[in-house]
Amino acid sequence: MNVRVVVAAAIVVDGRLLLAQRRRPAELEGLWELPGGKVEAGETPTDALRRELREELDIETEAGERIGVEVPLADGLVLRAYLTELVSGTPRALDHAAIGWFSAAELPAVDLVPNDRMWLPELERALRAS
Ligand code: C5P
């Protein structure tokens, strides 16, 4: 079976995690997520992450190690998170309602999309280690 992958980036700078606020679909509107998107045909997951972050946030990045569990989604999709380095640029919300930077102390109170809540322990650990 051809499992399709959705990739998401955990970008930490100066002890804060970059999150983006979704505009759609209606049930996720206003919730915060690790930015990313679907891997397209012919792309590696890390290629896809680089492309999505360029398209959505106008930044250049480099994916590092995977963190957290792989989350099963509907329609045979799986969602993966990668620790990701911000190489250049200042993120701008080109596709999202907003972006924000959140500390380990702030993270538990953020309205994350339900899937991304699975990664809270690893995200908090990455923030505290930074
Ligand atoms: O962003 P997009 O709609 O392309 O994402 C594809 C699927 O992955 C959606 O179901 C979305 O809810 C999910 N997703 C997620 N957490 C992320 C990124 C995407 O649950 N950080």
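Residues numbered from 1 in each chain as written. Predicted model: local features only at pLDDT ≥ 70, side-chain atom pairs only at ≥ 80, totals over all residues. Heavy atoms only, no water.

1. Topic: the site of the ligand
The following threshold applies: If even one non-hydrogen atom of a residue comes within 4 Å of a molecule or strand, that residue is called near it. Polar contacts, as counted here, are pairs of nitrogen or oxygen atoms within 3.5 Å of one another; within protein the pair requires one atom able to donate a hydrogen and one able to accept it, and residues that are adjacent in sequence qualify only if both atoms are side-chain atoms. With a 1 Å grid laid over protein atoms only, a set of points is called a cavity when a 1.4 Å probe fits there but cannot get out and a pocket when it is open yet has protein on both sides within 12 Å along at least five of seven lines; lining residues have an atom within 4 Å of a point. Think of it this way: a molecule belongs to a cavity or pocket when more than half its atoms come within 2 Å of the grid points there. Secondary structure elements are defined from DSSP: runs of H or I of at least 4 residues count as helices, runs of E of at least 2 residues count as strands, and each element is numbered from the N terminus. Here the term charged refers only to Asp, Glu, Lys and Arg, the term nonpolar to Ala, Val, Leu, Ile, Met, Phe, Trp, Tyr, Cys and Pro, and the term polar to all other amino acids, Gly among them.
Every residue near the ligand is listed here: V6, A8, R22, L28, E33, L34, L73, L79, V113, N115 and D116. A distance of 3.0 Å separates an oxygen atom of the ligand from a polar side-chain atom of R22. Of all the cavities here, the one that holds the ligand is the largest pocket. Looking at the shell around the ligand, the elements with two or more residues in it are β1 (4-10) and α2 (114-117). The class makeup of the residues in the shell around the ligand is seven nonpolar, one polar and three charged.

2. Focus: the side chain of H96
Operational definition: When checking whether two residues touch, look at their non-hydrogen atoms; a contact exists if any pair is within 4.5 Å.
Tracing the backbone through its elements, the reader meets H96 in the loop between β7 (77-88) and β8 (98-102). Polar side-chain contacts of H96 include one of 2.7 Å to the side chain of E33. With residues up to four places along the chain from it excluded, the contact list for H96 reads A20, Q21, R22, R23, E33 and E56.

3. A look at the layout of surface pockets
Short version of the rule: Grid points are joined across faces, edges and corners, and a volume is the space filled by probe spheres set on the points.
One number sums up the size of the largest pocket: a volume of about 550 Å³. As for the largest pocket, its lining consists of 24 residues, of which V6, R22, L28, E33 and G37 are closest to the centre. Those elements giving two or more residues to the lining of the largest pocket turn out to be β1, β5 (36-38), β7 and α2.

4. Re the packing of aromatic side chains
Centre-to-centre distance and the angle between the planes together describe a pair of aromatic rings. Going by this rule: The rule is short: rings of Phe, Tyr and Trp, with Trp giving its six-membered ring, pair when the centres are within 6.5 Å, and they are stacked under 30 degrees, edge-to-face over 60, tilted in between. Three exposure classes are used, based on accessible area relative to the maximum for each residue type with a 1.4 Å probe and protein chains only: buried under 20%, partly exposed in between, and exposed over 50%.
Going through the model one piece at a time under the given rule, you end up with one aromatic pair. On the basis of an interplanar angle of 75° and a centroid distance of 5.2 Å, the ring pair of W32 and F102 is categorised as edge-to-face. With a gap of 70 residues between them, W32 in strand β4 (residues 32-33) and F102 in strand β8 connect regions that are remote in the sequence. By the burial criterion, W32 is buried, and F102 matches it.

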